[in-house]
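# Examining the three-dimensional arrangement
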Amino acid sequence: MRQPRPSSKKRAVVLVQHDPLAPRPVQAAQIAFKVMAVAKVDTWAAALEHSSLAGVVELTDEQQRILEQERAVLPYLVRRGAIITVHACSVCGRYVFADSKSAPGARCTLRLGCSGAPVKASTTGFRPQTMPLEPTPGA
Ligand SMILES: [Zn+2]
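Thresholds, definitions, all that
Residues numbered from 1 in each chain as written. Predicted model: local features only at pLDDT ≥ 70, side-chain atom pairs only at ≥ 80, totals over all residues. Heavy atoms only, no water. Donors = N, O, S within 2.8 Å, 3.2 Å for Na, K, Ca; no water. Tetrahedral: all angles 85-135°; square planar, octahedral: opposite > 155°, others 65-115°. Buried < 20%, exposed > 50% of the residue type's maximum accessible area, 1.4 Å probe, protein only. Core = buried A, V, L, I, M, F, W, Y, C linked by side-chain atoms within 4.5 Å. Helix = DSSP H or I, 4+ residues; strand = E, 2+ residues; numbered from the N terminus. Contact = heavy atoms within 4.5 Å. Arc of directions from axis to C-beta. Salt bridge = Lys/Arg side-chain N within 4 Å of Asp/Glu carboxyl O. Patch = residues over 30% accessible without salt bridge, like charges linked within 9 Å, V, L, I, M, F, W, Y side chains within 5 Å. Areas by Shrake-Rupley, 256 points an atom, 1.4 Å probe, with all protein chains shown as cover. Pairing = 2+ DSSP bridges. Axes fitted to C-alpha atoms, helices over the stretch in contact; angles between N-to-C directions.

## Some remarks on the coordination of the zinc ion
Within the protein, the atoms that donate to the zinc ion are Cys89 (SG), Cys92 (SG), Cys108 (SG) and Cys114 (SG), at distances of 2.3 Å. With four donor atoms in place around the zinc ion and angles of 104 to 116° between them, the coordination shape is tetrahedral. When the donor residues of the zinc ion are listed from N- to C-terminus, their spacing reads C-x2-C-x15-C-x5-C. Here Cys108 and Cys114 have matching classes, each one buried.

## Side note on the nonpolar core
The tendency in soluble globular proteins is for nonpolar side chains to be buried as a group. Counting residues in each nonpolar core, the largest one holds 26 residues, and the members touching the most others are Val35, Met36, Trp44 and Leu77. Counting residues per element, the ones that place at least two in this core are helix H1 (24-39), helix H2 (44-49), helix H3 (61-69) and strand E3 (84-88). A total of nine residues in this core trace back to one element, the largest contributor, which is H1. Leave out the neighbours within four places in its chain, and Val35 touches Val16, Trp44, Ala47, Leu53, Val57 and Leu59.

## Examining H3
Among the residues making up H3, those that are buried are Gln63, Ile66 and Leu67. Down the axis, H3 shows its buried residues gathered within 95° of arc, on one side only. In the core, the buried residues of H3 are packed alongside H1, H2 and strand E2 (57-58).

## Let's talk about the pattern of salt bridges
Two side chains that carry opposite charge are able to pair once their charged atoms sit near each other. Under the definition given, this model contains four salt bridges. Ionic pairing is found between Arg80 and Asp42, a salt bridge with its closest N-O pair at 2.8 Å. Here Arg80 is found in the loop between H3 and E3, whereas its partner Asp42 is found in the loop between H1 and H2, with 38 residues between them in sequence. Exposure remark for Arg80: the relative accessible area of 44% places this residue in the partly exposed category.

## Considerations on the environment of Ala12
As for its placement among the helices and strands, Ala12 is situated in the segment before strand E1 (13-15). Ala12 gets classed as partly exposed once you look at its relative accessible area, which sits at 31%. For the pair Ala12 and Gly55, spaced 43 residues apart in sequence, the C-alpha separation works out to 8.8 Å.

## A word on a nonpolar patch on the surface
On the surface, a nonpolar cluster with roughly 290 Å² of combined accessible area is contributed by Tyr76, Tyr95 and Phe97. Checked against the element boundaries, Tyr95 lands in strand E4 (residues 95-99). For Tyr95, a relative accessible area of 31% corresponds to the partly exposed category.

## Here's the deal with the sheet that holds E4
Here we have three strands laid out as an open sheet, ordered E4-E3-E5, and antiparallel in their pairing. Each edge of the open sheet carries a strand with a single partner, namely E4 and strand E5 (119-120). Sheet topology places E3 next to E5; two bridges connect them, and they run antiparallel. Considered in E5, the bridge of His87 is made with Lys120. Set on the sheet, H1 makes contact with E3, E4 and E5; between it and E3 the angle comes to about 155°.

Structure follows, in structure tokens:
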């Protein structure tokens with residue numbers, strides 16, 4: 001059985017992937033960095049102003065929810081030049097913005113006595129799956 005296609009658009013849709021096991025601010029950064037990459041912009045504000053993203057990037061309901069809930073993270077991310085990403089702790093939930101070249105410490109320093117290990121949101125780590133629409137038979 002073939003899946004029905006919702007539209008006859010010819011463009012490939014970029015599905016955004018993120019790590020559902022990462023701390024939420026890291027998930028939000030992963031999603032935001034991918035959207036910025038597709039839009040070819042360096043900041044979230046610029047991505048929001050990008051008019052032609054609809055129909056090009058496909059976010060799941062869960063990804064929309066993550067962006068909404070973690071929206072405080074988004075304005076500080078920078079994708080090019082002095083790249084700014086986020087380190088977040090899955091135990092205490094705190095996060096800090098950091099240069100993308102810096103590694104998070106082995107132990108959480110965001111909260112006194114926390115036993116967690118912060119995770120860094122890679123700006124390139126989660127690759128999208130590009131889903132080209134099926135070619136028209138016989139074309
Ligand atoms: Zn912590």
